[in-house]
Amino acid sequence: NMKESHILHSYADRLPLDVMIMRGSGTPKAILQIVHGMCGYKEKFIHFMEYMAANGILCVAYDQRGHGNSVWKQEDLGHMYAQPYQTLVSEIAQVQDYTRRTYADYSVPYFILGHSMGSLAVRTYLIIPYNVNITGDMLMDELENSGMF
């Protein structure tokens, strides 16, 4: 497996988004984008990503704004800055677009896994009129009626 690190700058405010790609050799059979939950970070999924990559699935996970390394400074952990919910959702699209352009074309199946708060962001992403080209989604530990999104 090959692990790669990238920094994307959010279209909303140029906040650096810390992205991790895990891939095997050759063209991926599918892509899986992982959107972590509140107080989460991308490395929580590293063993799962390694397993998936070994089985031909390219995985991309990133620290959502205010989490992990996607902050202006460490004291900001937990703060998502201006328009956090709209921006969380638009950054899902940004990561998807970057991953597709960099690693595969639009014919490769694309799945999104959202965990906890990430499941709310993914659910919102799927109903907002982005140019969503998603094969399927997996929502884990959903928070119902939270009023967050």
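The residue count restarts for each chain, going from 1 along the sequence in the order it is written. This being a predicted model, a pLDDT of at least 70 is required before a residue's local features are given, and a value of 80 or more before pairs of side-chain atoms are given or counted; all residues contribute to the totals for chains, interfaces and linings. Side-chain metrics in this entry use all non-hydrogen atoms of the structure; hydrogen atoms and water are not considered.

Chemist: What's the story with the overall build of the protein chain in this structure? I'm lost.
Modeler: Working definition: helices are DSSP H or I runs of at least four residues, strands are E runs of at least two. Numbering for both runs from the N terminus. Summing up its helical and strand segments, the protein chain has three helices and six strands in all. Moving toward the C terminus, one meets the helices and strands of the protein chain in the order β-β-β-α-β-α-β-α-β. Only the C-alpha atoms count toward the radius of gyration. The rule for a globule is 2.2 Å times the residue count to the power 0.38. A compact globule built from 149 residues should have a C-alpha radius of gyration of about 15 Å, and the protein chain, at 14 Å, falls within 12% of that. For the C-alpha atoms alone, the extent of the protein chain along its principal axes is close to 40 × 30 × 25 Å. Think of it in three bands: residues with accessible area under 20% of the maximum for their type are buried, residues over 50% are exposed, and the middle band is partly exposed, with areas taken using a 1.4 Å probe on protein chains only. Expressed as a percentage of the 149 residues in the protein chain, the buried residues total 50%. Per element, the accessible surface of the protein chain, about 7400 Å² overall, is 53% carbon and sulfur. None of His or the chain ends enter the tally, which takes Lys and Arg as positive and Asp and Glu as negative. Every charge is mapped onto a representative atom, which is NZ of Lys, CZ of Arg, CG of Asp or CD of Glu. Here the protein chain carries 11 positive and 15 negative side-chain charges, and the mean point of each set is 4 Å from the other. Only the protein chains shown count as cover for residues, and all accessible areas are computed by the Shrake-Rupley method using a 1.4 Å probe.

Chemist: Please explain unusual backbone geometry as it appears in this structure.
Modeler: One can expect most non-glycine residues to show negative phi and most peptide bonds to be in trans. Of note, the phi angle at arginine 14 is positive, near 70°, even though the residue is not glycine. Within the element layout of this structure, arginine 14 appears in the loop between β1 (2-9) and β2 (16-23). The exposure class assigned to arginine 14 is exposed, which follows from its relative accessible area of 52%. Positive phi is not limited to glycine here, since serine 116 has a value of about 55°. The topology assignment puts serine 116 in the loop between β5 (110-115) and α3 (117-127).

Chemist: I tried to follow helix α1 (residues 46-54) on my own but got confused; where do I start?
Modeler: In an α-helix there are 3.6 residues to a turn, and that puts residues three or four apart on one side. Residues of α1 that are buried: Ile46, Met49, Met52 and Ala53. For α1, the angular spread of buried residues about the axis comes to 125°, placing them on one side. In α1, the exposed positions that point more than 90 degrees away from the buried face belong to His47, Tyr51 and Ala54. Of the residues flanking the end of α1, it is glycine 56, one or two places downstream, whose phi is positive at about 85°. The directions considered for the arc run from the helix axis to the C-beta atoms.

Chemist: Which parts of the structure should I look at to understand the packing of helix α2 (residues 84-103) against α3?
Modeler: An axis is simply a line fitted to the C-alpha atoms; with a helix, the fit covers only the stretch in contact. Between two such axes, the angle follows the N-to-C directions and lies from 0 to 180 degrees. Between α2 and α3, the shortest axis-to-axis distance is 9 Å and the interhelical angle comes to 75°. With respect to α3, the axis of α2 lies roughly perpendicular. Contacts between α2 and α3 involve Leu88, Val89, Ile92, Ala93 and Gln96 from the former and Met117, Ala121, Val122, Thr124 and Tyr125 from the latter. Each residue gets one of three labels, nonpolar for Ala, Val, Leu, Ile, Met, Phe, Trp, Tyr, Cys and Pro, charged for Asp, Glu, Lys and Arg, and polar for the others, Gly among them. By residue class, the composition of the contact of α2 with α3 is eight nonpolar, two polar and no charged. Oblique is the label for any angle not under 35 degrees, not over 145, and not in the 65 to 115 range, which are roughly parallel, roughly antiparallel and roughly perpendicular in turn. Two residues form a contact once any of their heavy atoms are found within 4.5 Å.

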